[in-house]
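What follows is the residue order along each chain.
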Amino acid sequence: MARQKLDPETAMKALSGLEGWKLSDDGGSIRRRFVFRDFSEAFAFMTRSALAAEKLNHHPDWSNVYKTVDVTLSTHDADGLTELDFKLAEAMNGFLE
Ligand SMILES: C[C@H](O)[C@H](O)[C@H]1CNC2=NC(N)=NC(=O)C2=N1
């Protein structure tokens, strides 16, 4: 099931195919910093990501300062990483044109 916690080995395998994302120190989430040309591009990325998040019913923890967007993904319901985190991370990577 998509919302089932992944074992560490499976999570590491999924992570290795995912450009730019790192495992958090406690292994319970993945994160990536996205830096754009300006605020407008950063916010366009956030808008696309928000729509993808709604479709997946899976939502990022994120912050934005000017042209930088810091994203952390984890599945709160599972208290760790699930397939959904990797799906959303893939979708976000895909918005980098
Ligand atoms: C009720 C609703 O489906 C859940 O609360 C969803 C919504 N979005 C979510 N997003 C994330 N990142 N983790 C969750 O556990 C989660 N749960």
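Residues numbered from 1 in each chain as written. Predicted model: local features only at pLDDT ≥ 70, side-chain atom pairs only at ≥ 80, totals over all residues. Heavy atoms only, no water.

**What about the site of the ligand?**
Link 1 in the chain: Every residue lining the ligand is accounted for by Arg 3, Asn 57, His 58, His 59, Ser 74, Thr 75, His 76 and Asp 77.
Link 2 in the chain: Contact between the ligand and Arg 3: a nitrogen atom at 3.3 Å from a side-chain N or O atom of the residue.
Link 3 in the chain: A distance of 3.1 Å separates an oxygen atom of the ligand from a polar atom in the backbone of His 76.
Link 4 in the chain: Relative to its unbound accessible surface of 390 Å², the ligand loses 67% to contact with the protein. (Near = heavy atom within 4 Å. Polar contact = N/O pair within 3.5 Å; in protein donor to acceptor, adjacent residues only side chain to side chain. Areas by Shrake-Rupley, 256 points an atom, 1.4 Å probe, with all protein chains shown as cover.)

**Quick notes on the environment of Ala 14**
Link 1 in the chain: Looking at the secondary structure, you find Ala 14 in helix H1 (residues 8–16).
Link 2 in the chain: Remark: the alpha-carbon pair of Ala 14 and Lys 87, spanning 73 residues in sequence, is separated by 9.9 Å. (Helix = DSSP H or I, 4+ residues; strand = E, 2+ residues; numbered from the N terminus.)

**Details of the pairing of strand E3 (residues 61–65)**
Link 1 in the chain: Note that E3 and strand E4 (residues 68–73) share 5 bridges and pair antiparallel. Residue Ser 63 lies in a different strand from E4, and its bridge partner there is Asp 70.
Link 2 in the chain: Adjacent in sequence and paired antiparallel, E3 and E4 are bridged by 2 residues, among which Tyr 66 carries a positive phi angle near 50°. (Pairing = 2+ DSSP bridges.)

**Observations concerning the packing of aromatic side chains**
Link 1 in the chain: Tallied over the entire structure, the rule returns 5 aromatic pairs.
Link 2 in the chain: Aromatic side chains Trp 21 and Phe 34 sit 5.8 Å apart centroid to centroid with 70° between the ring planes, which places their arrangement in the edge-to-face category. Of this pair, Trp 21 sits in the loop between H1 and strand E1 (22–23) while Phe 34 sits in strand E2 (residues 30–35); the two residues are 13 residues apart in sequence, bridging distant segments of the chain.
Link 3 in the chain: Judged by centre distance (4.6 Å) and plane angle (40°), the ring pair of Phe 34 and Phe 45 falls under tilted. Remark: Phe 45 occurs in helix H2 (residues 39–56) and Phe 34 occurs in strand E2; sequence separation between them is 11 residues. (Phe/Tyr/Trp six-rings, centres within 6.5 Å; stacked < 30°, edge-to-face > 60°.)

**Regarding the confidence of the model for the protein chain**
Link 1 in the chain: Taken residue by residue, the protein chain gives an average pLDDT of 96. The fraction at 70 or more is 100%.
Link 2 in the chain: Here the prediction assigns the complex a pTM of 0.96, and the interface score ipTM is 0.93. (pLDDT = per-residue confidence, 0-100.)

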